[in-house]
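Inside the fold
Here is how the chains run, residue by residue.
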Amino acid sequence: MAGEIMMPMQSSDAAMQMLIEQVRRLSDSVDRFNSTMSQMQQQLARMEAENLHTVERREKNEARLSKVEDRVGVLEAWRSEQRGERGFLAAVLKSPVLHVIGGVIVGLVAAIKGGVIK
């Protein structure tokens, strides 16, 4: 009978030892999980900071591009004005009426200098 009493105690000790080992394994798993989560949080924080920097840089580039577009618009308008004025001046200079007037003026000047007209 004494042997029977010892067996349950040994079995109980073994069960307790197995339970302690399972708790230890579970604790190690929780520690690894916590470490992994901490690493993921740090990585997400870095990614968020990089994303914020990228967004700020994109906004600055968009502002610069908008200024450049405005300047290009002003320059294109100025160029159009210049072309319009040149176009008008070129049309006037090519006009046959202007050639006739110019011819008359040249003829009068030549006549005055030549002594034909006094």
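On a predicted model such as this, the values are computed, not experimentally measured, just so you know.

1. Brief notes about the overall build of the protein
What the protein contains, in helices and strands, is two helices and zero strands. Against the compact-globule benchmark of 13 Å for 118 residues, the protein has a radius of gyration of 49 Å, which places it well outside the compact range. Taken over the C-alpha atoms alone, the protein extends approximately 165 × 20 × 15 Å along its principal axes. For the protein, with 118 residues in total, the buried portion stands at 1%.

2. Notes on the environment of S35
Structurally, the position occupied by S35 is in helix α1 (residues 2–94). Assessed through its relative accessible area of 38%, S35 is described here as partly exposed. Between the alpha carbons of S35 and A45 there is a distance of 15 Å; along the sequence they are ten residues apart.

3. Digging into the environment of A77
Within the element layout of this structure, A77 appears in helix α1. Overall, the relative accessible area of 40% leaves A77 in the partly exposed class. Counting along the chain gives 57 residues from A77 to I20, while the straight-line C-alpha distance between them is 84 Å.

4. Regarding the confidence of the model for the protein
Parts of the prediction with low pLDDT should not have their coordinates interpreted in detail. Taken as a whole, the protein shows an average pLDDT of 83; of its residues, 92% reach a score of 70 or greater. Predicted confidence is poor over residues 1–7, with pLDDT under 50, and the contacts of this stretch with residues over four places away or in other chains come to zero contacts.

5. Some remarks on the pattern of salt bridges
Enumeration according to the criterion identifies three salt bridges in this entry. Of the charged contacts, one joins E21 and R25 as a salt bridge, the two residues approaching to 3.7 Å between their closest N and O atoms. Of the two residues, E21 and R25 are both situated in helix α1; the distance of four residues between them amounts to about one turn of the helix. For E21, a relative accessible area of 29% puts it in the partly exposed group. Judged by its relative accessible area of 52%, R25 falls in the exposed class. For E62, the salt bridge goes to R58, with nearest N and O atoms at 3.1 Å. One end of the pair, E62, and the other, R58, are both in helix α1, four residues apart, so they sit about a helical turn from each other. For E62, a relative accessible area of 43% puts it in the partly exposed group. The class of R58 is partly exposed, set by a relative accessible area of 46%. Overlapping salt bridges bring together E21, R24 and R25 as one network.

What counts, and at which threshold
Residues numbered from 1 in each chain as written. Predicted model: local features only at pLDDT ≥ 70, side-chain atom pairs only at ≥ 80, totals over all residues. Heavy atoms only, no water. Helix = DSSP H or I, 4+ residues; strand = E, 2+ residues; numbered from the N terminus. Rg over C-alpha atoms; globule rule 2.2 N^0.38 Å. Buried < 20%, exposed > 50% of the residue type's maximum accessible area, 1.4 Å probe, protein only. pLDDT = per-residue confidence, 0-100. Contact = heavy atoms within 4.5 Å. Salt bridge = Lys/Arg side-chain N within 4 Å of Asp/Glu carboxyl O.

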